[in-house]
Amino acid sequence: MLQDLRQIVQDVGAAPSFKAALDTIVSRVRTTLGTEVCSVYVVNRDTGDFHFAANVGSRSAAVGRVVISPGEGLVGLVAERAEPINLDDAPQHPNFVHLPEIGDEDFHAFLGVPIIHHRRVLGVLIVRQRESRKFDEEEEAFLVTLSAQLAAVVAHAEASGDIRELSERLPGPQDTRFTGIAGSPGIGIGRAVVVHPAANLERVPDKEAENVTVELVLFDRAIAQVRRDIHDVGRKLEATLAPEERALFDAYLHMLDDDALAEEVRERIRHGQWAQGALRQVILEHTRAFERMEDSYLRERAADVRELGQRVLAYLQDMRRRRTQFPDDTILVGDELSAAMLGEIPMDRLQGIVSLRGSSNSHVAILARALDIPAVMGAVDVSLYGVENRQLIVDGFYGSVVANPSRPVVDHYTALMEEEREFAEELEELRDLPCVTRDGQRIALWVNIGLVGEITRSLDRGAEGIGLFRTEVPFMTEDRFPTEEEQRAIYREHMAAFEPRPVTMRTLDIGGDKALSYFPISEDNPFLGWRGIRVTLDHPEIFISQVRAMVKANAGLEGILRIMLPMVSSLFEVREAVGLVERAHREVVEEGYDVKRPQIGVMIEVPSAVYQARQIARLVDFLAVGSNDLTQYMLAVDRNNAHVAQLYWEIHPAVLQAMREVAKAAHAEGKGIGICGELAGTPEGAVLCVAMGYDVLSMNATHLPKVKWVIRQVSLRDCRRILAKALRMVDAHEIRDLLRAELMEAGLGRVVPHHEVPAAV
Ligand code: PEP
Ligand code: MG
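Conventions used here
Residues numbered from 1 in each chain as written. Chains lettered and ligands numbered in written order. Predicted model: local features only at pLDDT ≥ 70, side-chain atom pairs only at ≥ 80, totals over all residues. Heavy atoms only, no water. Buried < 20%, exposed > 50% of the residue type's maximum accessible area, 1.4 Å probe, protein only. Helix = DSSP H or I, 4+ residues; strand = E, 2+ residues; numbered from the N terminus. Pairing = 2+ DSSP bridges. 1 Å grid on protein atoms, 1.4 Å probe; cavity = no way out; pocket = protein on both sides within 12 Å on 5 of 7 lines; lining within 4 Å. Points joined across faces, edges and corners; volume = space filled by probe spheres on them. Donors = N, O, S within 2.8 Å, 3.2 Å for Na, K, Ca; no water. Near = heavy atom within 4 Å. Polar contact = N/O pair within 3.5 Å; in protein donor to acceptor, adjacent residues only side chain to side chain. Areas by Shrake-Rupley, 256 points an atom, 1.4 Å probe, with all protein chains shown as cover. Nonpolar A, V, L, I, M, F, W, Y, C, P; charged D, E, K, R; others polar. Phe/Tyr/Trp six-rings, centres within 6.5 Å; stacked < 30°, edge-to-face > 60°. Lys NZ or Arg CZ within 6 Å of the ring centre and 35° of its normal.

**Side note on the pairing of strand 17 (residues 503–506)**
Point 1. Of the two faces of strand 17, the one holding Val 503 and Met 505 and the one holding Thr 504 and Arg 506 are both buried throughout.
Point 2. Inspection of the sheet shows strand 17 paired to strand 18 (residues 561–565) by four bridges, in the parallel sense. Note that in strand 18 the partner of Val 503 across the bridge is Leu 561.

**Regarding empty space enclosed by the protein**
Point 1. Per the counting criterion, the structure on display carries five cavities of 30 Å³ or more.
Point 2. Here the second largest cavity is characterised by a volume of approximately 100 Å³.
Point 3. If you go around the second largest cavity, you meet 13 residues; those closest to its centre are Leu 74, Val 75, Val 97, Leu 99 and Asp 104.
Point 4. Among the elements that take part in the lining of the second largest cavity, helix 3 (residues 73–81) stands out by supplying four residues, more than any other.

**Some words on the coordination of the magnesium ion (ligand 2)**
Point 1. The coordination sphere of the magnesium ion (ligand 2), as far as protein atoms go, consists of Glu 605 (OE) and Asp 629 (OD), spread over 2.0 to 2.2 Å. Here the residue Glu 605 occupies a position in the loop between strand 19 (599–604) and helix 20 (607–611), and Asp 629 occupies one in helix 22 (residues 627–635), the gap between them amounting to 24 residues. No difference in accessibility class separates Glu 605 from Asp 629, as the two residues are buried.

**Observations regarding the site of ligand 1**
Point 1. Around ligand 1 sit 17 residues in total, of which Arg 470, Arg 506, Gly 626, Asn 628 and Arg 639 are the nearest.
Point 2. Here Asp 629 contributes a side-chain N or O atom positioned 2.9 Å from an oxygen atom of ligand 1.
Point 3. The protein chains hide 100% of the 290 Å² of surface that ligand 1 would expose on its own.
Point 4. Of all the secondary structure elements, the ones that give two or more residues to the shell around ligand 1 are helix 11 (363–371), strand 16 (466–470) and helix 22.
Point 5. If you tally residues by element for the shell around ligand 1, the top one is helix 22, at three residues.
Point 6. Of the residues in the shell around ligand 1, the class split is four nonpolar, five polar and eight charged.

**Considerations on the packing of aromatic side chains**
Point 1. Under the defined criterion, the tally for this structure stands at seven aromatic pairs.
Point 2. Ring geometry for Phe 469 against Tyr 491: centres 5.9 Å apart, planes inclined by 80 degrees, an arrangement best described as edge-to-face. Taken as a pair, Phe 469 in strand 16 and Tyr 491 in helix 16 (residues 484–498) lie far apart in primary sequence, 22 residues in all.
Point 3. Counting every residue linked through ring pairs, the aromatic cluster contains Phe 475, Phe 481, Tyr 518, Phe 519 and Trp 530.
Point 4. Between the NZ or CZ atom of Lys 207 and the centre of the ring of Trp 274, over which it lies, the distance is 4.6 Å.
Point 5. In this structure, Arg 562 is placed above the aromatic ring of Phe 622, and the distance from its NZ or CZ to the ring centre is 3.7 Å.

**Description of the sheet that holds strand 1 (residues 37–43)**
The pairing of strands in a sheet comes from backbone hydrogen bonds and takes either a parallel or an antiparallel form.
Point 1. Strands sit in the order 3-2-1-6-5-4 across an open sheet of six strands; the sheet is antiparallel. Both edges of this open sheet fall to strand 3 (67–68) and strand 4 (85–87), since each of them pairs with a single strand only.
Point 2. In terms of strand pairing, strand 1 meets strand 2 (residues 50–56) through six bridges, oriented antiparallel. Pairing of Cys 38 across the sheet is with Val 56, part of strand 2.

Scope: geometric values only; no functional claims are made or implied.
Structure, rendered in structure tokens:
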């Protein structure tokens with residue numbers, strides 16, 4: 001049954017519309033369980049009514065026309081109890097309500113399971129049979145498992161308004177609002193351009209071809225490319241392969257012949273399917289046919305067909321990506337957007353970002369903030385194909401997206417954009433003023449940097465230094481490790497631009513969600529795996545060459561070079577890394593460079609380092625809290641996972657206490673303490689950090705002016721009073737409300753998101 005289950009989920013995922021997905025569910029469940037009837041009811045969010053949405057095996061004409069009130073009948077009971085109900089004689093049940101349009105009185109066996117998403121019942125999935133019998137445990141377990149997997153599909157349809165199309169009684173989908181996570185503040189209005197990572201063949205959806213001729217041309221080009229690749233590989237291996245192994249390449253080529261797979265795909269394109277969808281259909285049909293064969297040799301051929309299909313798909317996707325046009329008001333939408341995808345778009349055309357996965361501390365959200373582009377992350381219910389080319393509003397303050405906005409909604413958001421623009425202009429006047437509280441406490445405001453092109457933006461906003469240079473970003477945009485000289489040139493450019501300000505270079509922090517295409521790390525649990533200092537200590541050649549590049553880049557400059565170590569979890573690592581930095585420095589001096597010894601610091605972003613902060617501080621020159629990871633590891637909440645994003649709180653009382661302890665530990669050893677996690681760039685977080693005694697707040701350049709504006713209008717005393725209150729609180733929501741209320745009371749409400757979010761339709 002597992003195989004059936006997977007197949008159903010896969011087919012439902014690839015269905016071209018919600019209606020088609022529901023029809024697939026009911027017909028496939030009926031065949032798999034061998035029941036007579038299968039139906040789905042979905043809930044109307046506004047009224048709580050259940051709509052008869054799909055049916056097979058009885059009077060399907062009633063689909064779209066029957067509505068059941070909340071709590072009514074057996075459907076209502078399943079929803080109310082939020083658990084399966086399995087009856088051998090349904091009409092005898094006291095809750096049974098006879099619905100003549102459906103003809104349910106003829107069916108005795110009844111099994112209904114709720115469809116639940118994030119604790120809400122969104123629908124009910126039902127199977128019925130004429131004979132009087134109880135469905136067995138296995139059947140019940142199958143339906144429960146299936147329904148849990150389908151819940152996301154229904155949730156998506158609910159959010160996107162597709163559910164409305166199932167019933168004529170509801171209005172059309174304008175102002176459809178999707179809720180996600182606030183990724184980067186600001187409002188963006190524009191047209192959705194959907195980008196896809198190299199997808200798995202199985203996940204390609206059906207879609208109508210916009211232009212059949214173009215799809216045919218693209219397909220033929222992809223086939224030609226794959227033929228060429230196979231020829232090339234075959235030729236290269238000619239000498240090493242036995243003739244029967246070489247025959248495999250001929251077999252591949254034959255499959256691509258006009259009278260084989262390729263023609264079948266073309267036929268489907270001619271019938272209106274886009275090339276990728278047609279390819280998926282044909283390849284999967286053939287692989288399934290092979291998989292069902294008795295002969296094990298032939299069964300193995302399924303893998304060959306799939307591999308071939310994947311190759312053709314890769315070219316189709318690549319050609320499509322290159323043909324993608326980005327209008328001047330592009331809202332980039334993708335399943336899981338990456339830094340590299342952002343890099344493909346001219347920045348002046350990018351008005352907003354919507355990522356279905358990820359959360360506010362995913363690296364793509366951090367980049368969006370650095371670029372000052374509004375972003376919504378974890379918008380899981382947005383349909384990639386449904387929003388393509390549609391007008392979207394991205395509300396990066398509240399993490400919501402409005403599709404097909406009405407005129408009043410557009411006007412509302414346009415006014416907000418204008419307000420923000422005026423505020424940003426006012427903030428420009430603060431550029432050269434010091435960041436000092438009303439009672440004279442000086443705070444250093446530095447920037448987090450990593451993207452090329454951030455230098456000017458940072459200096460324009462009054463950055464007093466670089467508090468975090470994410471060196472992995474230049475590594476990520478190459479197709480091999482950059483050489484020492486290439487690294488030196490990039491680092492030098494930044495140090496020279498910031499001279500004589502201090503520059504903090506973090507050693508390579510790959511792993512987790514930061515992958516290098518040319519150095520793949522595959523792990524079940526990447527955030528707890530080979531990441532940051534763990535990788536570079538295992539590869540001293542990479543570490544030393546990076547440190548040498550940093551030290552050389554600082555030659556002859558006044559600005560202090562600070563080298564910072566990420567993901568430290570034990571003192572061993574610190575000792576070893578400090579030894580390597582000193583060695584690299586010695587080498588560079590011996591080579592005749594005029595260089596100072598760099599300061600060395602450790603990022604405190606793993607709970608063990610919090611408890612050993614004092615011992616660590618003794619070994620180095622400074623500490624800097626990485627609150628993004630510290631929060632993730634303290635709360636055991638993946639910073640990238642939209643499903644648990646509501647549990648990710650940098651102002652969780654436990655995180656705040658840890659941060660306070662780290663600040664005390666650094667000061668007790670007479671060492672500087674900074675913070676370079678995203679918390680520092682929020683007005684609320686900055687107030688708390690000032691109170692805790694952080695000397696340096698490092699943030700993205702976009703947020704710097706607002707933070708300076710706030711700090712210049714509060715006193716250290718106020719900050720301490722607010723911190724004391726916050727630390728008496730037990731949960732993060734309370735602390736957030738307190739901080740916002742305090743900012744409002746101090747007349748700083750302009751930095752608190754306060755606009756009304758137009759209600760969901
Ligand atoms: C952090 O973890 O807070 C941090 C600044 O580093 P990164 O976000 O690059 O992991
Ligand atoms: Mg980190």
